[in-house]
Amino acid sequence: VLVTRPQPGARRTARQIAALGHEPVVLPLTRTVTLDADLPREATSFDVVAVTSANAIRRAPAWLLDGLLHLPCLTVGQATAEAARQAGFQTVTSADGDVQALIGLAGERLKDRSTIAYLCGHERRPDLEQAMRAEGHAIIPIETYDIKKVSYSTQEIRTLVGIKPIDDVMVYSARSARALIAMMNGREFLQGVENARFLCISTRVANALHARPGLRIEVAPEPHEAALLALL
C-alpha cells in the first residue's frame, strides 16, 4: 500500500496499515511548512474559531493560540477536533464531515454577524470564507502553514518504492493526485502503479486523478482516514 501523505501523518498511517496486515510503502509527495502567522490589522476580537485542517492548529504559534483558546472552536472533522483539544481548546465541536458540513454547523451555531478566526493554510478552497461572508459574518483567515511539493530522484524512488508491485495507493489531496499523475507520465518504473487501486479520501481528490484515464479509483464514503482505511 503506497502512502502519499506528508509526514508525520504518513508514519501514523503506515502503522495502521501494518496493523491491518498489509505492507505500507511511504512516499510523501508533499511536505508541510510553518508560516510566520500574523493577525491582520482588521482583527480586533473574535467570537469563534474555525479550523479545516489539523495542520493549521499544529503549526500555529503559541502566542496566537493563547489568545484563542477561550473561544469555542468549530472543526471539519474528528482528527482536527482532537488536535484542537490537544492544543488546549476547551469547547470543541466537530462537523464530522467536509467543508460543507462545517458550513452547516457554523450556520447552526453562530450568532448574527459573528467574527470568526479561521486557522488555515496558504492554499485553500474559498468555500468556507465565501459562505460565511454571504451570511453576514466576518471571517479572518490566519495562515499558519503551507504545502510544498516533494521532489525525488529516480534512485530515491527506486529505493523507497522497491520492486514489488503496488496494490493500493492512498491519496489524501488533489495536489498529491496531480503529483502522482506527473510521476506516472514521466517515469517508466512508476507506470506500473497505474494498475493499482487508487483510494481517495474525497471526490475532489478522485476528480484530480481522472486527468489520467483508465485508473481504478475508489472514494471513501466519508472524508476521513478511518473510512479510507476501511477500503483496504
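None of these values were measured; they are calculated from a predicted model. (Residues numbered from 1 in each chain as written. Predicted model: local features only at pLDDT ≥ 70, side-chain atom pairs only at ≥ 80, totals over all residues. Heavy atoms only, no water.)

### What to know about the overall build of the chain
Point 1. From N to C terminus, the chain includes ten helices and eleven strands.
Point 2. Over its C-alpha trace the chain gives a radius of gyration of 19 Å, about what one expects of a compact globule, namely 17 Å for 232 residues.
Point 3. Seen through its principal axes, the chain has C-alpha atoms that stretch 55 × 30 × 30 Å.
Point 4. Counting all 232 residues of the chain, 49% fall into the buried class.
Point 5. In the chain, the proportion of contacts linking residues at least 24 apart, taken out of those at least 6 apart, comes to 62%.
Point 6. By element, 48% of the accessible surface of the chain is carried by carbon and sulfur atoms, the whole surface being about 11,900 Å².
Point 7. Distance between charge centres in the chain, computed from 26 positive and 25 negative side chains, equals 5 Å. (Helix = DSSP H or I, 4+ residues; strand = E, 2+ residues; numbered from the N terminus. Rg over C-alpha atoms; globule rule 2.2 N^0.38 Å. Buried < 20%, exposed > 50% of the residue type's maximum accessible area, 1.4 Å probe, protein only. Contact = heavy atoms within 4.5 Å. Areas by Shrake-Rupley, 256 points an atom, 1.4 Å probe, with all protein chains shown as cover. Lys, Arg positive; Asp, Glu negative; His and termini not counted. Charge placed at Lys NZ, Arg CZ, Asp CG, Glu CD.)

### A few points about the nonpolar core
Point 1. Ranked by size, the top nonpolar core spans 40 residues in total, and within it Ile 166, Val 169, Val 171, Phe 198, Leu 209 and Leu 228 carry the most contacts.
Point 2. Contributions of two or more residues to this core are made by β1 (2-3), α1 (9-19), α7 (154-161), β9 (168-171), α8 (174-186), β10 (197-200), α9 (203-209) and α10 (225-230).
Point 3. Considering every element that reaches this core, the biggest residue donor is α8, with seven residues.
Point 4. Those residues in contact with Ile 166 that sit more than four places away from it in its chain are Leu 2, Val 25, Val 161, Val 193 and Ala 196.
Point 5. Grouped together as the second largest cluster of nonpolar side chains are 22 residues, Ala 56, Leu 64, Ala 84 and Ala 117 included. (Core = buried A, V, L, I, M, F, W, Y, C linked by side-chain atoms within 4.5 Å.)

### Observations regarding the pairing of strand β7 (residues 115-121)
Point 1. Summarising burial for β7: seven of the seven residues are buried, a large majority.
Point 2. Alternating positions in β7 separate into two faces, Thr 115, Ala 117, Leu 119 and Gly 121 on one and Ile 116, Tyr 118 and Cys 120 on the other, with burial throughout.
Point 3. Alignment of strand β4 (residues 48-51) against β7, held across four bridges, turns out to be parallel. Bridge pairing links Val 51 to Leu 119 in β7. (Pairing = 2+ DSSP bridges.)

### Examining a positive patch on the surface
Point 1. Together, Arg 11, Arg 12, Arg 15 and Arg 58 give the surface a local cluster of positive charge.
Point 2. Along the chain, Arg 11 turns up in helix α1. (Patch = residues over 30% accessible without salt bridge, like charges linked within 9 Å, V, L, I, M, F, W, Y side chains within 5 Å. Salt bridge = Lys/Arg side-chain N within 4 Å of Asp/Glu carboxyl O.)

### Side note on the sheet that holds strand β11 (residues 216-219)
Point 1. Reading across the sheet, the five strands line up as β2-β1-β9-β10-β11 and stay open at both edges, with parallel pairing between neighbours. Where the open sheet ends on each side, the last strands, each with one partner, are β2 (25-26) and β11.
Point 2. Where β1 meets β9, two bridges bridge the pair, whose relative direction is parallel. Looking across to β9, one finds that Leu 2 is bridged to Val 169.
Point 3. Contacts from α8 reach β9 and β10 within the one sheet, and its direction differs from that of β9 by about 140 degrees. (Axes fitted to C-alpha atoms, helices over the stretch in contact; angles between N-to-C directions.)

Fair warning: the whole summary comes from geometry, so function is off the table for now.
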